[in-house]
Amino acid sequence: MIGILLSLMIFASVIYSILCSDPSAAAEAAVTSGEQAIGLIITLAGAMAVWGGIMKVADRAGLTKKLTALLKPALKLIYRGLPENSEALDSIAMNTAANLLGLGNAATPLGIDAMKKLEREENPNGRATLNMIKLTVMNACSVEIIPATVAALRAKAGSASPMDILPCVLLVSAASLTVALIF
């Protein structure tokens, strides 16, 4: 279905371009946009590789276990009913740590792993539990101390100080998480 919608949008854009403007301008824009998209992909892949590598080094050095241990008491209050030795809680803490570090795409596999473990531990009937819903909400809100992906995008766009957005990111993500958890 999405393929049909995208095809219709492209077809309509080409027809509009031919009827209402210069077709050569549309062709030039398509080529230029393609070049820009490839440059953006390379920038994001580089940022993801760097931060993914940092997470691997932190994990091997034991820093992620320490961060996980710091996060666990707060996470136990949010994810009630999980046993003390819960593998799901360990994975949730790792996912939360990755989100706090602004690792977005690098946090996704950790979130999937946490959800699978939650499903194994507390989901005998195949329905989403409250803890599974909370994990989804917390990942959607993604409170970030270091918004690495956004900073990489801003740097690629030519920002002189890509981390200037930090106060806004912290405020908005914390507010959205608070409201989501209340509801």
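Reading the values: rules and limits
Residues numbered from 1 in each chain as written. Predicted model: local features only at pLDDT ≥ 70, side-chain atom pairs only at ≥ 80, totals over all residues. Heavy atoms only, no water. Patch = residues over 30% accessible without salt bridge, like charges linked within 9 Å, V, L, I, M, F, W, Y side chains within 5 Å. Areas by Shrake-Rupley, 256 points an atom, 1.4 Å probe, with all protein chains shown as cover. Salt bridge = Lys/Arg side-chain N within 4 Å of Asp/Glu carboxyl O. Helix = DSSP H or I, 4+ residues; strand = E, 2+ residues; numbered from the N terminus. Expected span 1.5 Å × (residues − 1). Buried < 20%, exposed > 50% of the residue type's maximum accessible area, 1.4 Å probe, protein only. Contact = heavy atoms within 4.5 Å. Axes fitted to C-alpha atoms, helices over the stretch in contact; angles between N-to-C directions. Parallel < 35°, antiparallel > 145°, perpendicular 65-115°, else oblique. Left-handed = near helix turned anticlockwise from the far one by under 90°. Nonpolar A, V, L, I, M, F, W, Y, C, P; charged D, E, K, R; others polar.

**Examining a nonpolar patch on the surface**
Together, Met1, Ile2, Ile4, Leu5, Leu6, Leu8 and Met9 make up a nonpolar patch on the protein surface, roughly 790 Å² of accessible area in all. Take leucine 8: it is sitting in helix α1 (residues 2-20).

**Some thoughts on helix α2 (residues 23-61)**
In a regular helix each residue adds 1.5 Å, so 39 residues correspond to 57 Å; α2 covers 57 Å between its end C-alpha atoms and thus fits that length. By the burial criterion, the buried members of α2 are Gly39, Ala47, Met55 and Ala58. Looking at the buried side of α2, the elements it contacts are α3 (63-78), α4 (87-100) and α7 (148-156). Positive backbone phi, approximately 90°, marks glycine 62, located one or two places after α2.

**Describing the environment of alanine 155**
With respect to the secondary-structure elements, alanine 155 resides in helix α7. According to the relative accessible area criterion, alanine 155 is partly exposed, its value standing at 41%. A C-alpha to C-alpha distance of 9.3 Å links alanine 155 and threonine 43, two positions 112 residues apart in sequence.

**Notes on the packing of helix α6 (residues 130-141) against helix α8 (residues 166-182)**
In the contact formed by α6 and α8, the axes pass within 9 Å of each other and the chain directions differ by 160°. The angle between α6 and α8 falls in the class roughly antiparallel. Regarding α6 and α8, the two cross each other, and that crossing is right-handed. Contact residues: α6 offers Lys134, Val137, Met138 and Cys141, while α8 offers Ser173, Ser176, Leu177, Ala180 and Leu181. Residues belonging to the contact of α6 with α8 are distributed by class as follows: six nonpolar, two polar and one charged.

Note that all results are geometric; they support no functional claim without further evidence.
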